[in-house]
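Fold and geometry: a report
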Amino acid sequence: MSTIPIRRIDHNRVMKQASALLAEHQTVSDPEFLRDLPAAADDLGELRPPEPGEDFYVLRGLRVPDDELGPTPPGWAQTDRQRTAAWDAVMLLLAAALGRPFGWHGQQAGRLVHDIVPGKGHETEQTGASSTVDLAAHNEDAFHPGRANIMLLGCLRNPDHVTTRAARVRDTRLATDEIATLSRPALPILPDDAYAEAQPSPLEPTPMRTLWHREDGLCLRFDPAYTPLEQAEDAFMSAYERLAGELDRVSVGVPLEPGDVLVIDNDTVVHGREPFRARYDGTDRWLKRVNVRVPGRERPGERGEHGYGQRTIEPYQVA
Ligand SMILES: O=C(O)CCC(=O)C(=O)O
Ligand SMILES: [Fe+2]
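Reference entry: report on the structure contained in this document. Owing to the predicted nature of the structure, the values given are computational and were not obtained by experimental measurement. (Residues numbered from 1 in each chain as written. Chains lettered and ligands numbered in written order. Predicted model: local features only at pLDDT ≥ 70, side-chain atom pairs only at ≥ 80, totals over all residues. Heavy atoms only, no water.)

Before going further, it helps to examine the overall build of the protein. What the protein contains, in helices and strands, is six helices and 14 strands. Taking 20 Å as the expected radius of gyration for a compact globule of 319 residues, we find that the protein reaches 19 Å, a close match to that expectation. Dimensions of the protein along its principal axes, counting C-alpha atoms only, are 60 × 45 × 45 Å. Counting all 319 residues of the protein, 55% fall into the buried class. Counting only carbon and sulfur atoms, one obtains 50% of the accessible surface of the protein, whose full area is about 14000 Å². Charged side chains in the protein number 36 positive and 50 negative. The centres of these two groups are separated by 3 Å. (Helix = DSSP H or I, 4+ residues; strand = E, 2+ residues; numbered from the N terminus. Rg over C-alpha atoms; globule rule 2.2 N^0.38 Å. Buried < 20%, exposed > 50% of the residue type's maximum accessible area, 1.4 Å probe, protein only. Areas by Shrake-Rupley, 256 points an atom, 1.4 Å probe, with all protein chains shown as cover. Lys, Arg positive; Asp, Glu negative; His and termini not counted. Charge placed at Lys NZ, Arg CZ, Asp CG, Glu CD.)

What follows is the structure in structure tokens.
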């Protein structure tokens, strides 16, 4: 259970589409870029979404010319977006071949492609900008009913071979009563530190299910760092700890290399990252992240949740 599924991707084919889009449009935030994206993604050919048994995988084959990237920015807001426009385009092409990329009003200025770099002062947070702490296994944006179905993490740079981790809930072994306990709404999950203006939210926290079911099997909604576990009842807490232990047991280390794109089913897989020491000298680890919605994938138990007032940005439309 410790191997990482790898799917090959053709560098020239993807780059040809990315270059063609960027030749027409200056930046990936052009509305026309997004208008032309679906057709360009179609031309990439079939990209299979994560599926049961392979609900995360690494797309490998893209080559990143390190000297063309420029220095790793000290924070997402300092990214030279012109210089990495090709990689933003690549990430959006892959995302559009799998579903519909979207953003968040409250994250990274609403951008569709997030830059994940270690940030001074954020070392011990439970967010992508941290470094010295173990980033605990979590579903992305678990606090929100509109979170991604699929998440892409593309690696531009990872000089110290820092390991991302992924764990599938369907590999865990839990007792029937533990599954039943975790399938009842119990505790809320609160907005994470990447949503600074949502904290504290004036809205009443919503009790949420940790485990739930999709047509094809068990799913989870898990983010212990933002769950007020001190409010848990004993039976819930022991089931939750069992789940956390099992996720740890089945987790797989994914040391992303430049050009790798990790594709994760955000309903069945949690991800985290080992601690590392940031360099803050322009050579740091640098990932690009895109959230993807798969139309028709409902989470029935979550209808009506307020999502703490956080709103998605969904400019990507398929004709
Ligand atoms: O840095 C990583 O490998 C993962 C960070 C993370 O959880 C994220 O960007 O959502
Ligand atoms: Fe994450």
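Now for the coordination of the iron ion (ligand 2). The coordination sphere of the iron ion (ligand 2) contains the protein donors His138 (NE2), Glu140 (OE) and His271 (NE2), at a distance range of 2.1 Å. Between consecutive donor residues of the iron ion (ligand 2), the sequence gaps follow H-x1-E-x130-H. Highlighted residues: His138 in strand 5 (residues 135-138) and His271 in strand 12 (residues 269-273), separated in sequence by 133 residues. The two residues His138 and His271 agree in class, both being buried. (Donors = N, O, S within 2.8 Å, 3.2 Å for Na, K, Ca; no water.)

So, on to unusual backbone geometry. In this structure, Ala109 takes a positive phi of about 55° despite not being glycine. Considering the arrangement of structural elements, one finds Ala109 in the loop between strand 3 (100-104) and strand 4 (114-116). Residue classification places Ala109 among the exposed positions, given a relative accessible area of 63%. The phi dihedral of Tyr308 is positive, around 55°, even though this residue is not glycine. Structurally, Tyr308 can be placed in the loop between strand 13 (286-293) and strand 14 (312-313). The exposure class of Tyr308 is buried, given its relative accessible area of 5%.

Below, the discussion takes up helix 4 (residues 85-98). Two residues of an α-helix separated by three or four positions point the same way, owing to the 3.6 residues in each turn. End to end, helix 4 covers 20 Å across 14 residues, agreeing with the expected 20 Å (1.5 Å per residue, within 8%). Taken across its 14 residues, helix 4 has twelve buried, putting it largely inside the fold. (Expected span 1.5 Å × (residues − 1).)

What follows concerns the layout of surface pockets. Considering only enclosed or pocket space, the largest pocket measures out at about 650 Å³ in volume. In terms of lining residues, the largest pocket is bounded by 38 residues, among which Ile116, Thr127, Gly128, Ala129 and Ala194 are the most central. Looking at the lining of the largest pocket, the elements with two or more residues in it are strand 4, strand 5, strand 6 (150-157), strand 12 and strand 13. No other element matches strand 12, which puts three residues into the lining of the largest pocket. When the residues that make up the lining of the largest pocket are grouped by side-chain class, the tally is 13 nonpolar, 14 polar and eleven charged. (1 Å grid on protein atoms, 1.4 Å probe; cavity = no way out; pocket = protein on both sides within 12 Å on 5 of 7 lines; lining within 4 Å. Points joined across faces, edges and corners; volume = space filled by probe spheres on them. Nonpolar A, V, L, I, M, F, W, Y, C, P; charged D, E, K, R; others polar.)

It is worth stressing that arrangement in space is one thing and function is another; only the former is reported here.
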